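This is what each chain is made of:
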Amino acid sequence: MASDKLHSLSTSLTSDVGSQLPPIFKIMRPSHCHTSSLQTPNDKEQALNVPEEELLSLARSLLLSWSDPLAVLLAEAHNLVHPDKSAILSKTKDLHLHSSSLGAGLEHLIQKMGPQSQGIISLPYDGDVGTDKNASLSNFYFLLTCFRRDSHKIDSFLKVLRCRAAKRPEMC
């Protein structure tokens, strides 16, 4: 599943970047993520109670809200001071490509489901990772942790939808 690959890649990339950061720079501040204002289910049980159209709309809103930040990550990956810079750049490119591919798949699914699932919540991103090499690595890592969190939500929402479509509640 494309969303599973996206989440797996974001987890791997976050781990790679974080391997060179002191623990103090790894403190996650989820409330500072640009997507934190979007009201989403907090766990699988809550997601199971959300209508399909709304879950699809939430997944789409989350994914679209990462369009600009992923472009920033891709641009900044070239400038990172990190021993695994080439691997990070490669994974960042893959992340960008998988995100675009998943977006195209979601658009196709939304067209099939009709207008109820076409709602979108715009979550603009207007940040950058900074110019200081230490701050830039830390901010790059923070942005990745936010993306990892959101890619997990997207993956979870789409798995719930797949489970419902299969009409096999024991899979959920």
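Residues numbered from 1 in each chain as written. Predicted model: local features only at pLDDT ≥ 70, side-chain atom pairs only at ≥ 80, totals over all residues. Heavy atoms only, no water.

Trainee: I keep staring at the state of the cysteines and nothing clicks. Help me out?
Mentor: Linking two cysteines covalently through their sulfur atoms gives a disulfide. For the structure shown, the criterion picks out one disulfide. Residue pairing for cysteine 33: its cysteine sulfur links by disulfide to cysteine 146, the two sulfurs lying 2.0 Å apart. Here the disulfide of cysteine 33 and cysteine 146 is left-handed, its torsion about the S-S bond being about -85°. Of this pair, cysteine 33 sits in the loop between helix 1 (2–18) and helix 2 (44–48) while cysteine 146 is found in helix 6 (residues 133–165), placing the two residues 113 residues apart along the sequence. (Disulfide = S-S within 2.5 Å. Helix = DSSP H or I, 4+ residues; strand = E, 2+ residues; numbered from the N terminus.)

Trainee: Just to check I follow, could you spell out the side chain of serine 10 for this structure?
Mentor: Looking at the secondary structure, you find serine 10 in helix 1. The residues touching serine 10, leaving out its near neighbours within four places in the chain, are Leu95, Phe147, Arg148 and Ser151. (Contact = heavy atoms within 4.5 Å.)

Trainee: What is the right way to look at a nonpolar patch on the surface in this model?
Mentor: A contiguous nonpolar patch, built from Ile24, Phe25 and Ile27 and spanning about 310 Å² of accessible area, is present on the exposed surface. Along the chain, phenylalanine 25 falls in the loop between helix 1 and helix 2. Of the residues examined, phenylalanine 25 reaches a relative accessible area of 37% and is grouped as partly exposed. (Patch = residues over 30% accessible without salt bridge, like charges linked within 9 Å, V, L, I, M, F, W, Y side chains within 5 Å. Areas by Shrake-Rupley, 256 points an atom, 1.4 Å probe, with all protein chains shown as cover. Salt bridge = Lys/Arg side-chain N within 4 Å of Asp/Glu carboxyl O. Buried < 20%, exposed > 50% of the residue type's maximum accessible area, 1.4 Å probe, protein only.)

Trainee: Mind showing me how you'd approach the nonpolar core here?
Mentor: Buried together is how nonpolar side chains tend to be arranged in soluble globular proteins. Residues Val17, Leu95, Phe140 and Leu158 are the most contacted members of the largest nonpolar core, which totals 43 residues. Sorting the residues of this core by element identifies helix 1, helix 3 (52–65), helix 4 (67–77), helix 5 (85–113) and helix 6 as the ones contributing at least two each. The leading source of residues in this core is helix 6, at 13 residues. (Core = buried A, V, L, I, M, F, W, Y, C linked by side-chain atoms within 4.5 Å.)

Trainee: Would you explain the packing of helix 3 against helix 5 in this entry?
Mentor: How two helices pack is summed up by the angle between their axes together with the distance between the axes. Interaxial distance between helix 3 and helix 5 falls to 10 Å at its minimum, and their mutual angle equals 150°. Between helix 3 and helix 5, the crossing angle belongs to the class labelled roughly antiparallel. At the point where helix 3 passes helix 5, the crossing takes the left-handed sense. Residue-level inspection shows Glu52, Glu53, Leu56, Ala59, Arg60 and Leu63 of helix 3 in contact with helix 5, the latter providing Ser99, Leu102, Gly103, Leu106, Glu107, Leu109, Ile110 and Met113. Broken down by class, the residue content of the contact of helix 3 with helix 5 amounts to eight nonpolar, two polar and four charged. (Axes fitted to C-alpha atoms, helices over the stretch in contact; angles between N-to-C directions. Parallel < 35°, antiparallel > 145°, perpendicular 65-115°, else oblique. Left-handed = near helix turned anticlockwise from the far one by under 90°. Nonpolar A, V, L, I, M, F, W, Y, C, P; charged D, E, K, R; others polar.)

Trainee: Can you help me understand the layout of surface pockets in this one?
Mentor: Gaps left between atoms are located by rolling a probe of water-molecule size over the structure's atoms. Roughly 280 Å³ of internal volume is contained in the largest pocket. Along its surface, the largest pocket is lined by 16 residues, and Asp43, Lys44, His152, Ser156 and Phe157 are the ones closest to its centre. Elements represented by at least two residues in the lining of the largest pocket include exactly helix 2 and helix 6. Per-element tally for the lining of the largest pocket: the top contributor is helix 6, with nine residues. Taken together, the residues of the lining of the largest pocket sort by class into seven nonpolar, three polar and six charged. Considering only enclosed or pocket space, the second largest pocket measures out at about 240 Å³ in volume. Lining the second largest pocket we find 13 residues, and of these Leu109, Met113, Leu158, Leu161 and Arg162 sit closest to its centre. Secondary structure elements with two or more residues in the lining of the second largest pocket: helix 5 and helix 6. Per element, the largest residue contribution to the lining of the second largest pocket is six residues, and it comes from helix 5. (1 Å grid on protein atoms, 1.4 Å probe; cavity = no way out; pocket = protein on both sides within 12 Å on 5 of 7 lines; lining within 4 Å. Points joined across faces, edges and corners; volume = space filled by probe spheres on them.)

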